[in-house]
Amino acid sequence: MRTRRGTSYPIVGAPVPNNRKRAKLTTSVIRNFDALPDDIVSAILVKLGSTADCPADFVVALLTCKRFNCLGLNPVVLSQAASPETFAVKYTKWSPEAQRFLQRCADAGNAEASYTLGMIQFYCCCNHRTGAALMAKAALKSHASALYSLAIIQFNGSGSSKFIKDLTGGVTLCARAAFLGHMDAIRELGHCLKDGYGISKNISEGERLLVQANARELAVICSTPELIPGPRLLLPPYPYCANGIGSDLRFSLLPRKCHPANRFLAGWNRGKSLYSGYRICSYVGCGRLETRMHEFRRCSVCGVMNYCSRGCQARDWTLGHNRNCRPMVRFANVNVNGAGAGAGAGAGAGAGAGGMW
């Protein structure tokens, strides 16, 4: 029989639950947990921060109990949380609390937090000096993405005048990132060697680096079966050179997973570029926004797509720009009797090269 409150009277002859045993079991588990040394609990939190798939995985652990909160916010634990997804803050969830958390991790010496916060400060909040300092802090810890981002800043003169560019410094940073295995840095360095941009011209070495970057990229795709695009790999490569010697293989590939900092930039700057007048990089996995007018270079064939680097241009070419790139109208309409057609053909030959002005 039930009462008005919904509770039932005890059934005659039914066994009475022994809540004392359950209470003793819970108390013993809590005592065993409290008996664990702080080093073991800190190691567990470091492992969690290094394998987290989203920031909630780490934050929920901090909210579990007071001990987890104290140990999780220890600088030793914060400095060793190496997973980029631990700091993958969505642009719609950006808040002062998220900024303070990233700043606290960066102050503890975490390279991923320093790079993520530096990119946000530089390209979203327009704090160029603070953002560059944070990325430099991550670069000192041999963070490949931070080294490559600083190289792009040096090549473009971002955050300053177009006349203040350090091409030699950009090549040095790009070479260091390429040594650490950054594929876009390897490709960028190959183009610099081929064009003699900031370094002595060496076509053969540049071609070798371009082939190495393509080989690494294809190896990553082939080692991940779910990323193999199937028939799209059967498209013919577009040689980078007119003579076809050592080429920047331009297969049509599926987009790879970009860094959480680039995902934040892409979402934040997509709407900002509409009313600010500054252009955003046309590669969907980049998200960088110009820091001054006409900072990014355009595709020399279509004149529509804008890129912050040759690496982003090569990635966007493989994602479909090779099918949409067409010569500009001003080239096609120079001379109706055939001069325009010749110019258009020359521009089409440059499409495979993916040149930029």
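For the structure, see preceding data.
Residues numbered from 1 in each chain as written. Predicted model: local features only at pLDDT ≥ 70, side-chain atom pairs only at ≥ 80, totals over all residues. Heavy atoms only, no water.

Participant: Explain the pattern of salt bridges to me, using residue names and the numbers behind them.
Facilitator: For the structure shown, the criterion picks out eight salt bridges. Glu 207 is the salt-bridge partner of Lys 194, the closest N and O atoms lying 2.7 Å from each other. With Lys 194 in helix H11 (residues 183-195) and Glu 207 in helix H12 (residues 203-222), this pair connects stretches of sequence that are 13 residues apart. Across this residue pair, the class does not change: Lys 194 and Glu 207 are buried. Residues Glu 205 and Arg 208 are paired through a salt bridge, measuring 2.5 Å at the closest nitrogen-oxygen approach. Of this pair, Glu 205 and Arg 208 both sit in helix H12, separated by three residues, roughly a single helical turn. Here Glu 205 falls in the partly exposed class, since its relative accessible area comes to 28%. (Salt bridge = Lys/Arg side-chain N within 4 Å of Asp/Glu carboxyl O. Helix = DSSP H or I, 4+ residues; strand = E, 2+ residues; numbered from the N terminus. Buried < 20%, exposed > 50% of the residue type's maximum accessible area, 1.4 Å probe, protein only.)

Participant: Any chance you could break down the packing of aromatic side chains for me, citing the residues and the numbers?
Facilitator: Following the criterion strictly, the structure yields six aromatic pairs and no others. A centroid spacing of 6.3 Å and a plane angle of 35 degrees characterise the contact between Phe 87 and Phe 101, whose relative ring orientation is tilted. Taken together, the residues Phe 87 in the loop between helix H5 (75-79) and helix H6 (96-107) and Phe 101 in helix H6 connect sequence positions 14 residues apart. One aromatic cluster is present, formed by Phe 58, Phe 87 and Phe 101 through successive ring pairs. (Phe/Tyr/Trp six-rings, centres within 6.5 Å; stacked < 30°, edge-to-face > 60°.)

Participant: An account of the environment of Arg 288 is needed here, citing residue identities and associated values.
Facilitator: Assignment of secondary structure puts Arg 288 in the loop between helix H13 (260-276) and strand S1 (297-298). Arg 288 sits in the buried class, given a relative accessible area of 4%. When the C-alpha atoms of Arg 288 and Arg 263 are compared, they prove to be 10.0 Å apart, with 25 residues separating the residues in sequence. Within the structure, the side chain of Arg 288 is placed 2.9 Å from the side chain of Ser 149, a separation counted as a polar contact. (Polar contact = N/O pair within 3.5 Å; in protein donor to acceptor, adjacent residues only side chain to side chain.)

Participant: Outline helix H8 (residues 128-139), supporting the account with residue identities and numerical values.
Facilitator: Relative to the 16 Å expected for 12 residues at 1.5 Å per residue, H8 spans 16 Å between its end C-alpha atoms, a close match to the ideal helical length. Listed as buried for H8 are Gly 131, Leu 134, Met 135, Ala 138 and Ala 139. Along the axis of H8, the buried residues cluster in a sector spanning 145 degrees; they form a single face. Where the residues of H8 are buried, they touch H6, helix H7 (111-123) and helix H9 (144-156). (Expected span 1.5 Å × (residues − 1). Arc of directions from axis to C-beta. Contact = heavy atoms within 4.5 Å.)

Participant: Report on the side chain of Asn 306, specifying residues and quantitative values.
Facilitator: Relative to the elements of secondary structure, Asn 306 occurs in strand S2 (residues 306-307). Since its relative accessible area comes to 9%, Asn 306 is described here as buried. One polar contact links Asn 306 to Arg 279, side chain to side chain, over a distance of 2.8 Å.

Participant: Tell me about the side chain of Glu 290, residues and numbers included.
Facilitator: Among the structural elements, Glu 290 can be located in the loop between H13 and S1. By relative accessible area, Glu 290 is classed as buried at 3%. A polar atom in the side chain of Glu 290 sits 2.9 Å from the backbone nitrogen of Glu 295. One polar contact links the side chain of Glu 290 to the main-chain amide nitrogen of Phe 296, over a distance of 2.9 Å. Not counting chain neighbours up to four residues away, the residues in contact with Glu 290 comprise Tyr 278, Arg 279, Glu 295 and Phe 296.

Participant: Got a sec to walk through the packing of H11 against H12? Specific residues and values, please.
Facilitator: Taken N-terminus to C-terminus, the directions of H11 and H12 make an angle of 160 degrees; their axes are 7 Å apart at the nearest point. Classified by the angle between their axes, H11 and H12 sit roughly antiparallel to one another. With respect to the hand of their crossing, H11 and H12 are arranged in left-handed fashion. Every residue of H12 that contacts H11 at Met 183, Ile 186, Arg 187, Leu 189, Gly 190, His 191, Leu 193 and Lys 194 is listed here: Ile 203, Glu 205, Gly 206, Glu 207, Leu 209, Leu 210, Gln 212, Ala 213, Asn 214, Arg 216 and Glu 217. Residues belonging to the contact of H11 with H12 are distributed by class as follows: eight nonpolar, five polar and six charged. (Axes fitted to C-alpha atoms, helices over the stretch in contact; angles between N-to-C directions. Parallel < 35°, antiparallel > 145°, perpendicular 65-115°, else oblique. Left-handed = near helix turned anticlockwise from the far one by under 90°. Nonpolar A, V, L, I, M, F, W, Y, C, P; charged D, E, K, R; others polar.)

Participant: Any chance you could break down the nonpolar core for me, citing the residues and the numbers?
Facilitator: Judged by nonpolar contacts, the single largest core of 65 residues is most densely connected at Trp 94, Leu 102 and Cys 281. Residues lining this core come from more than one domain, with at least three contributed by each of domain 1 (33-88) and domain 2 (260-323). Dropping the residues within four chain positions of it, Trp 94 is found in contact with Val 89, Gln 99, Leu 102, Leu 117, Ile 120, Phe 264 and Trp 268. (Core = buried A, V, L, I, M, F, W, Y, C linked by side-chain atoms within 4.5 Å. Domains from an automatic or database assignment.)

Participant: Can you break down the layout of surface pockets residue by residue, with the values?
Facilitator: Taken as a whole, the second largest pocket spans an internal volume of roughly 340 Å³. No other element matches H13, which puts four residues into the lining of the second largest pocket. Here the lining of the second largest pocket is composed, by residue class, of eight nonpolar, two polar and five charged. Mapped onto the domain boundaries, the lining of the second largest pocket takes at least three residues apiece from domain 1 (33-88) and domain 2 (260-323). (1 Å grid on protein atoms, 1.4 Å probe; cavity = no way out; pocket = protein on both sides within 12 Å on 5 of 7 lines; lining within 4 Å. Points joined across faces, edges and corners; volume = space filled by probe spheres on them.)

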